[in-house]
Amino acid sequence: MGRDVLSTRALPLRRQLDCWNDWAMENWHGIAISSREAGFPADLVKCELGNIRFSRVRSCSSKVRRQAKGTGPQRMILHFQEGGATRNRQCGREATLGIGDLTLLRLDDHYDLDTSRDVSLLIAEFDEQALRDRVGAAAIRGAIHLDACAPAVGLVGQMLATLVSEAPFQAGDQAGLLLERSFLDMVALAVLSNDSAIAGRGAGALFRRTVAEIERAADDVELTGQELARRLGVTQRALQMAFAEAGTTPSAYLMDRRLDLAAQRLASRPESITQIALDCGFASSAHFSRCFARRFGMSPRDYRQKQTPLRLWT
């Protein structure tokens, strides 16, 4: 069970995304990746154990599209959210994953992923029948979002991290075969225990899912409290109650996150204030400046000057 390690970081910026797409096609047929970033710094670690392929992907924000395969044995792909956030869509199902969450997708069906900045995914690909034998087809169809509050989900993530980082066994040896079965058993346990875990967390789980979606899409100017509720498949009232426990509202939290993001960029990037405002989800620089002054007690320009006394731009 050797490991392959690939990275685009040493490549010229203009070649990074093309090279990443080539590698992705070699590993997941029918996949296409796009990004608004100037380059595409990304890393891929991959290994195999028996009939399971493991990998870790770390990259900047991107849109991932995979066309249906529809040939050969039915396969599933498991994504464990190690860092950042990802919005998953397949066959009318949709879920936003935060850190520690897990999703199961069928490789035979088209799926879309939208990832946040600095995303890290632990991935496992295996035969669908192996999991169906353990949990049944209905449970698999409902596994678009397995919540981090389920202990078994965390154990799946720990096993994935160990397998990808250390590759401890050789394919075909006794220990490797036992580990392959144990991993599938743990995934089955995560699927079967998910509903009760979410019920135990209630509003807390919804709060965390909403925070993950805000983290992923804070720069989307169309993102509002109403749009958050629509994307998460809940009522605005349920969303408000979840945030009331934290002493805030969905809209206020979204505004704070956008302002935090803008403040970080003002201190570290040379873009104009107007461009930063638009990139952080504000409809206009005037609206951004008013909100920023209320939060920080000074204008964006004054904040930038105080944070960067030795500026490299004019």
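Quick summary incoming for the structure in this document. Please read all numbers here as calculations on a predicted model, not as lab measurements.

Turning our attention to the sheet that holds strand E1 (residues 4-7). Pairing in this open sheet of six strands is antiparallel, and the strands run E1-E3-E4-E11-E6-E9 from one edge to the other. Strands at the two margins of the open sheet, each flanked by one partner only, are E1 and strand E9 (102-106). On average, adjacent strands in this sheet sit at an angle of 20° to one another, irrespective of strand direction. As judged from the eight bridges shared by strand E3 (residues 42-49) and strand E4 (residues 52-59), these two strands associate in the antiparallel manner. Bridge assignment links Leu-49 to a residue of E4, and that residue is Ile-52. Packed on one face of the sheet, helix H2 (residues 128-135) meets strand E6 (75-83), E9 and strand E11 (119-127) and runs near 85° to E11. Strand contacts of helix H4 (residues 151-166): E3, E4, E6, E9 and E11, with the helix running at about 90° to E4, the strand carrying the most contacts.

A few words now on the pairing of E3. Bridging between E1 and E3 involves four bridges; their strand directions are antiparallel. Of the residues in E3, the one forming a bridge with Val-5 is Val-45. Linking E3 to E4, which pair antiparallel, is a turn of two residues; within it Gly-50 sits at a positive phi near 60°.

Turning our attention to empty space enclosed by the protein. Counted by the stated rule, this structure contains one cavity of 30 Å³ or more. Size it by volume and the largest cavity reaches roughly 190 Å³. Along the walls of the largest cavity sit 17 residues, with Ile-31, Ile-33, Val-57, Val-64 and Leu-121 positioned nearest its centre. Sorting the residues of the lining of the largest cavity by element identifies helix H1 (13-27), strand E2 (31-34), E4, strand E5 (62-66), E6, strand E10 (111-115) and E11 as the ones contributing at least two each. Of the residues contributing to the lining of the largest cavity, the split by class is 13 nonpolar, four polar and no charged.

Take the pattern of salt bridges next. Applying the stated criterion to the full structure yields 28 salt bridges. Note that Arg-106 is salt-bridged to Asp-108, the shortest N-O span being 3.8 Å. For Asp-108, a relative accessible area of 12% puts it in the buried group. Ionic pairing is found between Asp-147 and Arg-208, a salt bridge with its closest N-O pair at 2.7 Å. Pair noted here: Asp-147 is in the loop between helix H3 (137-141) and H4 and Arg-208 is in helix H6 (residues 203-217), with a separation of 61 residues, a long-range link. Given the relative accessible area of 0%, Asp-147 is considered buried. Here the salt bridges share partners, and the residues they tie into one network are Lys-63, Arg-65, Arg-89, Asp-112, Asp-114, Glu-213, Arg-216, Asp-220, Glu-227, Arg-230 and Arg-231.

The rules we used
- Residues numbered from 1 in each chain as written.
- Predicted model: local features only at pLDDT ≥ 70, side-chain atom pairs only at ≥ 80, totals over all residues.
- Heavy atoms only, no water.
- Pairing = 2+ DSSP bridges.
- Helix = DSSP H or I, 4+ residues; strand = E, 2+ residues; numbered from the N terminus.
- Axes fitted to C-alpha atoms, helices over the stretch in contact; angles between N-to-C directions.
- Contact = heavy atoms within 4.5 Å.
- 1 Å grid on protein atoms, 1.4 Å probe; cavity = no way out; pocket = protein on both sides within 12 Å on 5 of 7 lines; lining within 4 Å.
- Points joined across faces, edges and corners; volume = space filled by probe spheres on them.
- Nonpolar A, V, L, I, M, F, W, Y, C, P; charged D, E, K, R; others polar.
- Salt bridge = Lys/Arg side-chain N within 4 Å of Asp/Glu carboxyl O.
- Buried < 20%, exposed > 50% of the residue type's maximum accessible area, 1.4 Å probe, protein only.

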